[in-house]
Amino acid sequence: MPTDNKTALLNLIATLSFKLGDFTLASGKKSDYYIDCRITTLHAEGGRLSGLVFYDLIREHTPHVEAVGGLTMGADPLVSNTASASAWALTDHHEILELSRELDLDHESHTEPVPALIHGFLVRKAEKTHGTGRKIEGFLKPGAQVVIVDDVCTTGGSTITAIEAAREAGMHVAGVLCLVDREQGGRAAIEAACNGAPFIAVFTAAEVRAAHLAQQKKK
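Reference entry: report on the structure contained in this document. Remember, it's a predicted structure, so these values are computed and weren't measured experimentally.

What counts, and where the lines are drawn
Residues numbered from 1 in each chain as written. Predicted model: local features only at pLDDT ≥ 70, side-chain atom pairs only at ≥ 80, totals over all residues. Heavy atoms only, no water. Pairing = 2+ DSSP bridges. Helix = DSSP H or I, 4+ residues; strand = E, 2+ residues; numbered from the N terminus. Expected span 1.5 Å × (residues − 1). Buried < 20%, exposed > 50% of the residue type's maximum accessible area, 1.4 Å probe, protein only. Core = buried A, V, L, I, M, F, W, Y, C linked by side-chain atoms within 4.5 Å. Contact = heavy atoms within 4.5 Å. Axes fitted to C-alpha atoms, helices over the stretch in contact; angles between N-to-C directions.

**Remarks on the pairing of strand β4 (residues 119–123)**
Logical step 1: Sheet analysis places strand β3 (residues 67–71) next to β4, joined by five bridges and oriented parallel. Within β4, the residue paired with Leu-71 across the bridge is Val-123.
Logical step 2: As defined by bridge partners, β4 adjoins strand β5 (residues 136–138) across three bridges and the pair is classed as antiparallel. Within β5, the position partnered with Leu-122 by the bridge is Glu-137.

**Looking at helix α3 (residues 44–61)**
Logical step 1: For α3, with 18 residues, the first-to-last C-alpha span of 26 Å sits near the 26 Å given by 1.5 Å per residue.
Logical step 2: Within the span of α3, buried status applies to Gly-46, Gly-47, Leu-49, Ser-50, Gly-51, Leu-52, Val-53, Phe-54, Tyr-55, Leu-57 and Ile-58.

**Brief notes about the nonpolar core**
Logical step 1: If you look at the biggest cluster of nonpolar residues, it comprises 37 residues, and the most contacted ones within it are Ile-35, Val-149, Leu-179, Val-180 and Phe-203.
Logical step 2: Elements represented by at least two residues in this core include exactly α1 (3–17), β2 (30–35), α3, α4 (76–102), β6 (145–153), β7 (172–181), β8 (199–204) and α7 (205–218).
Logical step 3: In terms of residue count, the dominant contributor to this core is α3 (seven residues).
Logical step 4: Every residue in contact with Phe-203, bar those within four places of it in the chain, is listed here: Lys-6, Leu-9, Leu-10, Ile-13, Leu-179, Val-180, Asp-181 and Val-208.
Logical step 5: With 24 residues, the next largest nonpolar core counts Leu-71, Phe-139, Ile-160 and Cys-194 among its residues.

**Remarks on the sheet that holds β8**
Logical step 1: An order of β5-β4-β3-β6-β7-β8 is seen for the six strands of this open sheet, with the pairing classed as mixed. Of all the strands in the sheet, the pair left with one neighbour each is β5 and β8. With strand direction ignored, the average angle separating the axes of adjacent strands in the sheet is 25°.
Logical step 2: Two strands pair when backbone bridges link them, and β7 and β8 are joined in this way by five bridges, in the parallel orientation. Directly across from Leu-177, in β8, lies its bridge partner Ile-200.
Logical step 3: On top of the sheet, α4 reaches β3, β4, β6 and β7; it is set at about 170° to β4, its chief contact.
Logical step 4: Across the face of the sheet, α7 comes into contact with β7 and β8 while running at roughly 20° to β8.

This is the structure:
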């Protein structure tokens with residue numbers, strides 16, 4: 001993974017999404033900080049970077065997957081940007097091959113595998129009561145290998161809900177990606193639900209706090 005993308009993403013999260021103060025989390029617990037990753041993942045550059053970072057991790061650890069999905073709404077921008085990153089990668093690949101042909105270069109010497117498209121799906125918190133009544137929107141293919149994504153993992157509840165929904169739909173969870181792990185028990189719970197599939201957190205809350213404090217010192 002390009003270090004500059006990951007570092008740039010960390011700095012954006014530390015700038016836009018991290019707040020110090022007195023907060024009550026969804027779990028009911030008190031915290032002296034709050035991380036709202038949606039401010040970063042819905043930011044134009046933050047969305048681009050999060051998609052690229054997640055896409056690189058998927059290609060590195062689970063390159064055979066067909067789709068990426070998660071529980072609405074924290075996962076929504078991550079799913080869309082990761083799917084888009086796969087399309088950009090495939091387009092770049094074709095453009096490089098075409099340029100090689102135009103320049104009469106040995107394009108067969110390129111050993112990079114052809115990037116595969118990674119589609120997206122979103123898991124509703126409750127099934128629709130009208131229309132098709134689906135709980136999963138977007139990609140849905142029984143037997144497909146998929147990756148579940150989430151923005152912040154605290155207890156792991158929302159991630160596990162998405163894992164269970166994907167399995168109930170007949171899909172196989174090949175891995176789980178989390179943008180920020182608050183290190184409050186979520187990892188253990190998610191790993192137990194993964195049945196051996198890898199769980200990867202891009203950053204820990206401690207890393208985001210350190211980056212935020214470093215930025216404050218520079219001011």
